[in-house]
Amino acid sequence: MQSVFDVFKQMPYVFLTIAQSRIKGDTIVAERELEGIFKDKSGSVQNGNMESIESTATLHVHPEDFKDWSTGQFIGQGARINGVDYAISGATAGMNYETGELEHYRLTLQKANFIKESSSES
């Protein structure tokens, strides 16, 4: 029995734990190097006389890397892939239809600009 991780090529990414603040901005407070499946289907969309860029980037992550997490806990966190920071705007649980077990989480990504937490030195 194959999972999505057997079918598609995995690549390294950095999971970013984000502290959200309207005053300071969204700040990276922790980073963790992991592997997952990244898909970026960005492109331009024509709407009348206007053209905009639409991003449908997704990241499939291993559930064992996020034990005791629910889909809602991913929202507002981030990922760095190929040097680009993304905010996680959505998450769904991918179940294996044969076993009924959780196989992966599928994260919806949007490009973001995070602030790196500065360490205070005395």
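Definitions and cut-offs
- Residues numbered from 1 in each chain as written.
- Predicted model: local features only at pLDDT ≥ 70, side-chain atom pairs only at ≥ 80, totals over all residues.
- Heavy atoms only, no water.
- Phe/Tyr/Trp six-rings, centres within 6.5 Å; stacked < 30°, edge-to-face > 60°.
- Helix = DSSP H or I, 4+ residues; strand = E, 2+ residues; numbered from the N terminus.
- Buried < 20%, exposed > 50% of the residue type's maximum accessible area, 1.4 Å probe, protein only.
- Lys NZ or Arg CZ within 6 Å of the ring centre and 35° of its normal.
- pLDDT = per-residue confidence, 0-100.
- Core = buried A, V, L, I, M, F, W, Y, C linked by side-chain atoms within 4.5 Å.

### With respect to the packing of aromatic side chains
Here's step 1: Applying the stated criterion to the full structure yields eight aromatic pairs.
Here's step 2: Judged by centre distance (5.7 Å) and plane angle (50°), the rings of Phe38 and Tyr86 are tilted. Linking Phe38 in strand E2 (residues 27–39) with Tyr86 in strand E7 (residues 84–95), this pair joins segments that are 48 residues apart in sequence. Here Phe38 and Tyr86 have matching classes, each one buried.
Here's step 3: Measuring from ring centre to ring centre gives 5.2 Å for Phe66 and Trp69, while their planes differ by 70°; the resulting arrangement is edge-to-face.
Here's step 4: When its relative accessible area of 1% is taken as the criterion, Phe66 is described as buried.
Here's step 5: Taken together through their ring pairs, the aromatic side chains of Phe15, Phe66, Trp69, Phe74 and Tyr105 make up a single cluster.
Here's step 6: In this structure, Arg32 is placed above the aromatic ring of Phe66, and the distance from its NZ or CZ to the ring centre is 4.8 Å.

### What about the confidence of the model for the chain?
Here's step 1: Mean pLDDT over the chain stands at 88; residues scoring 70 or higher make up 87%.
Here's step 2: Within the chain, strand E3 (residues 43–47) has the poorest average pLDDT of any element, 65, and strand E6 (residues 78–81) the best, 98.

### Observations regarding the nonpolar core
Here's step 1: Counting residues in hydrophobic clusters, the biggest one holds 18 residues, and the most contacted among them are Tyr13, Leu59, Phe74, Ile81, Leu107 and Leu109.
Here's step 2: Contributions of two or more residues to this core are made by strand E1 (11–19), E2, strand E5 (57–61), E6, E7 and strand E8 (102–111).
Here's step 3: Counting six residues, the second largest nonpolar core, distinct from the first, contains Val14, Leu16, Ile18 and Phe114.

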